[in-house]
Amino acid sequence: MSTHHNPTDAAYTGLARLRDDYRLLTEADGHIRRTPGLPTPERLAAAGRAHLTDRAETLGLLSRGLKPLGASPAPGVDLVRVDILTDVALALGELEEAVIERVAPTLATTDTAARRIGTIIKLLPKVGAVDDLLAHVRAETRRLHNRVRYGLGETEEVRTLAARCPICGARSLRELTGRDLVTCVNIACRCDDDLCGCRDETPTRHQWAGADWRTPGMEMTA
Ligand SMILES: [Zn+2]
Ligand SMILES: [Zn+2]
């Protein structure tokens, strides 16, 4: 299963990995080291050279402006983990529904993340015959797996979006996949709103929910 000659096999592998890691996150007991703030040089090095510049730029800006979602959880309660488990289970419910609607309208929906993944895997042979549906399943699987991996404390993936920033027009949009967040990393990006934090001495960055950028056909580059 290391190489894939067809996208249906790749979708299967992606879903199986998502299922395994979701289970791991369910069983995690609050000792996850997840550092959304300033990374150490070791973490940056471990993140791989390809993303280094991008990552340093983004995380540098984050440290000056962006507030990480889910900051300051109560002691002993990993709210980031809880949020991710909830979000991913909900998104899997929607994905299961979409798949059933398209290829197996008489099938009943299920009620847990693992069962929903099971349903989608079972229907993959049919899904594989519908190009746009298969692409949607693969994209969602990748997105949700990124969130789960972030929940498990793995280094967050930063992706460059092909679209331009709607405010400054630069190709400066980065998706922080683990947090489902898109941010403009152009330090000079300013909007017309006098009250916006982008005009502060230490400016906050403009950011959007990842969902705002998941319009059909929206292309991203790695
Ligand atoms: Zn911008
Ligand atoms: Zn602004």
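The structure under discussion appears in the preceding block.
Now for a look at the structure at hand. Keep in mind that this is a model prediction, so the values were computed, not measured.

## Quick word on the overall build of the protein
- Looking only at helices and strands, the protein features 6 helices and 5 strands.
- When the elements of the protein are put in sequence order from the N terminus, they spell out α-α-α-α-α-α-β-β-β-β-β.
- In the protein, which comprises 222 residues, the proportion classed as buried is 42%.
- When contacts within the protein are restricted to residue pairs at least 6 apart in sequence, those whose partners lie at least 24 apart make up 60%.
- For the protein, the accessible area works out to roughly 12,400 Å², and carbon and sulfur atoms hold 53% of it.

## A closer look at the side chain of E96
- Within the element layout of this structure, E96 appears in helix 4 (residues 79-103).
- Despite its burial, E96 pairs with no opposite charge; the closest candidate is R116, at 4.1 Å N-O.
- Look past the residues within four positions of E96 in its chain and what remains in contact with it is T109, T110, R115, R116, T119 and I120.

## Here we look at the coordination of the zinc ion (ligand 2)
- Protein coordination at the zinc ion (ligand 2): the donors are C191 (SG), C196 (SG), C198 (SG) and H206 (NE2), at 2.0 to 2.3 Å from the metal.
- Here the zinc ion (ligand 2) binds 4 donor atoms, and the angle range of 105 to 113 degrees at the metal identifies the geometry as tetrahedral.
- Read in sequence order, the donor residues for the zinc ion (ligand 2) give the motif C-x4-C-x1-C-x7-H. Taken individually, C196 and C198 each receive the classification buried, so the pair is uniform in this respect.

## Focus: the coordination of the zinc ion (ligand 1)
- Taken together, the protein donors to the zinc ion (ligand 1) comprise C165 (SG), C168 (SG), C184 (SG) and C189 (SG), at separations of 2.3 to 2.4 Å.
- Considering all 4 donor atoms around the zinc ion (ligand 1), the spread of angles at the metal, 104 to 115 degrees, places the coordination shape in the tetrahedral class.
- Ordering the donors of the zinc ion (ligand 1) by residue number gives the pattern C-x2-C-x15-C-x4-C. Here C165 is found in the loop between strand 1 (158-161) and strand 2 (173-176), whereas its partner C189 is found in the loop between strand 3 (181-184) and strand 4 (207-209), with 24 residues between them in sequence. With respect to class, C165 is no different from C189; both count as buried.

## With respect to helix 5 (residues 113-127)
- Along helix 5, the largest kink reaches about 30 degrees and is centred on I121; proline P125 follows within four residues of it.
- Of the positions making up helix 5, those classed as buried are A113, R116, I117, T119, I120, I121, L123, L124 and V127.
- Structurally, helix 5 contributes buried residues whose contacts are with helix 1 (7-27), helix 4 and helix 6 (131-151).

## Focus: unusual backbone geometry
- In this structure, D180 takes a positive phi of about 55 degrees despite not being glycine.
- You can see D180 is positioned in the loop between strand 2 and strand 3.
- By relative accessible area, which is 16% here, D180 ends up buried.

So, how was this worked out
Residues numbered from 1 in each chain as written. Chains lettered and ligands numbered in written order. Predicted model: local features only at pLDDT ≥ 70, side-chain atom pairs only at ≥ 80, totals over all residues. Heavy atoms only, no water. Helix = DSSP H or I, 4+ residues; strand = E, 2+ residues; numbered from the N terminus. Buried < 20%, exposed > 50% of the residue type's maximum accessible area, 1.4 Å probe, protein only. Contact = heavy atoms within 4.5 Å. Areas by Shrake-Rupley, 256 points an atom, 1.4 Å probe, with all protein chains shown as cover. Lys, Arg positive; Asp, Glu negative; His and termini not counted. Salt bridge = Lys/Arg side-chain N within 4 Å of Asp/Glu carboxyl O. Donors = N, O, S within 2.8 Å, 3.2 Å for Na, K, Ca; no water. Tetrahedral: all angles 85-135°; square planar, octahedral: opposite > 155°, others 65-115°. Bend = angle between axes of the 7 residues up to and from the residue.

Taken by themselves, the reported measurements are silent on function.
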